[in-house]
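# A look at the structure
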Amino acid sequence: MIMVIKHLLIAALLIDVSLASQTLVPGVLRSLHHKTIRRTHSLASDLRVAFRGILFPRAETSDHLVYCKSGNQAPFGGGSGTGAGGGTDGNDQTTAGGSTRNSGSGSSTSRRPSSSISSTRTGTSPSPTVSASSLWKLTNSYVCHSSAEMQTLLINLQQGTNFFDGWDFFIGGDPTNGIVEYIDQNTARSSGLLEVNDQGNAVMRVETTGVVSGNRKSIRITTQAQFTGGLIIMDSVHMPTGCGVWPAFWTNGPNWPAGGEIDILEGVHDYTNNQATIHTSVGCTLASTSSNTLAITGSVIAGTDCAALTTGNQGCGIRASTSNSFGPGFNSNNGGVYAMKWDSSGIAVWFFPRGTEPADITAEVPQPDNWGAAQARWPAASCDPFKFFNDHQAIFDTTLCGDWAGAVWNTAGIPGQEQSCAQRTGVSTCEAFVRANGGTMANAYWEVKSVKVYQMNN
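Just so it is clear, the model here is predicted, and its values are computed rather than measured. (Residues numbered from 1 in each chain as written. Predicted model: local features only at pLDDT ≥ 70, side-chain atom pairs only at ≥ 80, totals over all residues. Heavy atoms only, no water.)

### Notes on the overall build of the chain
Definition in use: Put simply, DSSP H or I for four residues or longer makes a helix, DSSP E for two residues or longer makes a strand, and each gets a number counted from the N terminus. Each residue is assigned to one of three classes by its accessible area relative to the maximum for its type, calculated with a 1.4 Å probe on protein chains only: buried under 20%, partly exposed between the two thresholds, exposed over 50%. Note that accessible areas follow from Shrake-Rupley with a 1.4 Å probe, and for residues the cover is restricted to the protein chains shown.
Across its full length, the chain holds 11 helices and 21 strands. Each of the 458 residues in the chain was classed as buried or not, and the buried ones make up 57%. Carbon and sulfur atoms make up 52% of the accessible area of the chain, which amounts to about 17,700 Å² in all.

Dropping the structure here:
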């Protein structure tokens, strides 16, 4: 067997050199090939590099070619991704009362459990990477590269072919009573609602047909991998915004609310300040409403009881102090990076506007202890993070109207919503406006650069 492998390696190298001598492979690729051979630490990786040199895209390929890194990597923390037969949002039961929102407060409540899921797993599972300078190892990475970047990057043979590998597509109506129909991946692509653009960013849109009689098509995706504890970092350049729109990037556990819910990035309409919220079973609280005591930059807005069933599903919400953390302000600044840490100290959320991202995040060696005050924090002292939260999956979704956006259609006074959407649009209900004005949904889209999930080294 060893002799066979050696002969394969020699043959591959001879083919590569022969092709290079005939100028069929660009010089930069030949240089990459030789550099990689010198740095290889095993015969198997030598073989990967040798054959990759033959298959690498030619110089005459389109400038818009996009390569994507699958997020379908090894689950951790006791959870496991769902198989090819389907998946869940981490919720396999529904509550008897469903989900409601306080129409006057503008505060978030649970996005509720899932119903049906279409699984689209096609990726593979490379080993987590560990950095000696960080307490965190990268376990799941969902990221794409444009063709320009790939001229200096070597694709690992184990990577998938699309950002959306490793995510399940939720299919059906919205559990929070929004007027959307969540669709599968193939339908989303054929409808022009899903793509990886020329910049290598994942784009998820809402249907913009002028007038519809029922629900608009939208997208909701869930990671197949699960995690209990960890650090999740999401980099986005654009998020959905506009009257009637309710987007969220969040994580959720099984048997809602027993498994807990963490809303990392959420709001409605034209809000400009993010609202991070947790929803739990009975017993989790915030020990204080003081930002100084909690060591946060945001403000507690929805009380200190985080239990979904005793607060009308409001949970413990904390509103950001900055107007570029959500919606129009976020988008005009080319977005930024959100990070959620879940460890023995509790749960915390940070936001870094574009241009202020810590270097350790960019280098994939995150050091949260050096990031300063969090935007939101729920300390372990009054809410055990491993009692009230477990086996989470990350979720992107965009719904329209529903339990929150529909309920505050006539509400004003929230940052960014100094005038209610009813006043701005002249339409009395959220549902009537959304169904008759598809053109206003042009900004109701996510454009995401990456999602990366880390786990403690120990």
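Still more to cover.
### Quick notes on the pattern of salt bridges
As a reminder, the rule being used: Definition used for salt bridges: Asp or Glu carboxyl oxygen within 4 Å of a side-chain nitrogen of Lys or Arg.
Scanning the model with the defined rule gives 6 salt bridges in all. Residue R354 is joined to D235 by a salt bridge in which the shortest nitrogen-to-oxygen separation is 2.8 Å. Here R354, found in the loop between β18 (346-353) and α8 (359-362), pairs with D235, found in strand β11 (residues 230-238); they are 119 residues apart in sequence, far enough to count as distant. Between R354 and E357 there is a salt bridge, with the nearest N and O atoms lying 2.8 Å from each other. Taking relative accessible area as the criterion, E357 reaches 22% and is therefore assigned partly exposed. Look at the salt bridges and you will find they share partners, linking D235, R354 and E357 into a network.

### A look at the state of the cysteines
Quick note on the threshold: Cysteine sulfur pairs qualify as disulfides if the two atoms are within 2.5 Å.
Following the criterion strictly, the structure yields 4 disulfides and no others. Residue pairing for C306: its cysteine sulfur links by disulfide to C316, the two sulfurs lying 1.9 Å apart. Taking the torsion about the S-S bond as the criterion, the C306 to C316 disulfide, at about -100°, is left-handed. Here C306 is found in the loop between β15 (299-300) and β16 (316-319), whereas its partner C316 is found in strand β16, with 10 residues between them in sequence. Residue classification places C306 among the buried positions, given a relative accessible area of 0%. With a relative accessible area of 0%, C316 lands in the buried category. Two residues, C401 and C430, share a disulfide whose sulfurs are 2.1 Å apart. Its S-S torsion of approximately -95° makes the covalent link between C401 and C430 left-handed. Residue C401 is located in the loop between β20 (393-400) and α9 (402-405), and its partner C430 is located in helix α11 (residues 430-436); the two are separated by 29 residues in the primary sequence. Assessed through its relative accessible area of 0%, C401 is described here as buried. Bonded cysteines in the chain are paired 1-7, 2-5, 3-4, 6-8 when counted in the order they occur along the chain.

### Quick word on the packing of aromatic side chains
Here is the rule we go by: Side-chain rings of Phe, Tyr and Trp (the six-membered ring for Trp) are treated as a pair once their centres are within 6.5 Å; stacked means planes under 30 degrees apart, edge-to-face means over 60, and tilted covers the remaining angles. Any Lys NZ or Arg CZ found within 6 Å of a ring centre and within 35 degrees of that ring's normal is scored as a charge over the ring.
For the structure shown, the criterion picks out 19 aromatic pairs. Each ring, one from W167 and one from F396, has its centre 5.8 Å from the other, and the planes form 45°; the classification is tilted. Of this pair, W167 sits in strand β5 (residues 167-173) while F396 sits in strand β20, and the two are 229 residues apart along the sequence. Relative accessible area serves as the criterion here: at 0%, F396 is assigned to the buried category. Ring centres of F330 and F351 lie 5.8 Å apart, and the angle between their planes is 35°; on these two criteria the pair is classed as tilted. With a gap of 21 residues between them, F330 in helix α7 (residues 327-332) and F351 in strand β18 connect regions that are remote in the sequence. Since its relative accessible area comes to 0%, F330 is described here as buried. Here the aromatic residues Y142, F163, F164, W167, F169, F249, F396 and W446 are joined through ring pairs into a cluster of three or more. Above the plane of the ring of F170 lies R220, whose end atom (NZ or CZ) is 4.6 Å from the centre.

### Looking at unusual backbone geometry
W256 connects to P257 through a cis peptide bond whose omega is 5°. Positionally, P257 belongs in the loop between β12 (245-252) and β13 (261-266). At E364, a residue that is not glycine, the phi angle is positive and equals roughly 60°. You can see E364 is positioned in the loop between α8 and β19 (376-379).

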